Amino acid sequence: AYIYIFDHEGRFILANRPLLQLWGLKAEQAIGETMADLNYPKEVERTLHENLAEVFATGKMVQSETNYTSPTGVQGIYENLLSPIFDAEGK
């Protein structure tokens with residue numbers, strides 16, 4: 001499973017080891033970067049930004065699929081489950 005966390009501006013603040021390997025990057029090269037910075041295909045970036053906006057607006061999980069070819073050449077159709085993370089005060 002590829003696990004990542006975005007902030008409200010769409011920057012990666014966490015990416016797990018399998019995702020970093022998929023990208024062919026080290027954490028310090030990816031953390032703080034956006035999908036555009038990491039050369040995501042525009043269609044994937046648009047879909048995920050729309051999903052993020054919905055998550056932030058509703059506070060609910062959003063599911064989608066994207067066709068993605070990684071910088072390392074791995075191609076596939078990926079299921080995206082974007083879910084909010086709340087602090088102890090529910091924010």
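In this report, we go over the structure that sits alongside the text.

A few points about the pairing of strand β2 (residues 12-15)
Within a regular beta strand, the side chains point alternately toward one face of the sheet and then the other, so they alternate between its two faces. Relative to β2, strand β1 (residues 4-6) runs antiparallel, the two being bridged by three bridges. Each bridged residue has a counterpart across the sheet, and for Phe6 the counterpart in β2 is Phe12. Linking two consecutive strands that pair antiparallel, namely β1 and β2, is a turn of five residues; a positive phi of about 85° is found at Gly10 within it.

Considerations on unusual backbone geometry
Glycine aside, negative phi is the norm for most residues, and most peptide bonds take the trans geometry. In the Ramachandran plot, Asn39 falls in the positive-phi region, its phi being about 60° despite a non-glycine side chain. Looking at the element boundaries, Asn39 is found in the loop between α2 (27-30) and α3 (42-58). Exposure remark for Asn39: the relative accessible area of 67% places this residue in the exposed category.

Considering the side chain of Ser70
Locating Ser70 in the fold gives a position in the loop between β3 (62-69) and β4 (75-82). Among the residues examined, Ser70 registers a relative accessible area of 5% and is labelled buried. A distance of 3.2 Å separates a polar side-chain atom of Ser70 from the backbone oxygen of Leu22.

Considerations on the pattern of salt bridges
The tally for this structure, following the rule as stated, stands at six salt bridges. Residue Asp7 pairs with Arg11 through a salt bridge whose shortest N-O separation is 2.7 Å. On the accessibility criterion, Asp7 (14% relative accessible area) is buried. Owing to a relative accessible area of 33%, Arg11 belongs among the partly exposed residues under this scheme. In this structure, Arg11 and Glu9 form a salt bridge, with 3.3 Å as the shortest nitrogen-oxygen distance. Look at Glu9 and you get exposed, because its relative accessible area is 51%. A cluster of three or more residues bridged by salt bridges with shared partners is formed by Asp7, Glu9 and Arg11.

How each quantity is defined
Sequence order sets the numbering: in each chain, residues are counted from 1 along the sequence as written. For a predicted model such as this one, the threshold for reporting local features is a pLDDT of at least 70, and the threshold for listing and counting side-chain atom pairs is 80 or more; totals across whole chains, interfaces and linings nevertheless cover every residue. Excluded from the side-chain calculation are hydrogens and water; included are all heavy atoms of the structure. Pairing between strands requires that DSSP locate at least two bridges from one strand to the other. In this text, helices come from DSSP runs of H or I with a minimum length of four residues, and strands from runs of E with a minimum of two, each type numbered from the N-terminal end. When a residue's accessible area, from a 1.4 Å probe over protein chains only, is under 20% of the maximum for its type it is buried; when over 50% it is exposed; and in between it is partly exposed. We define a polar contact as two N or O atoms separated by no more than 3.5 Å, with the added condition that, inside protein, one atom must be a possible hydrogen donor and the other a possible acceptor, whereas residues neighbouring each other in sequence contribute only through side-chain atom pairs. Basic side-chain nitrogens of Lys or Arg form a salt bridge, by our definition, when they fall within 4 Å of a carboxyl oxygen of Asp or Glu.

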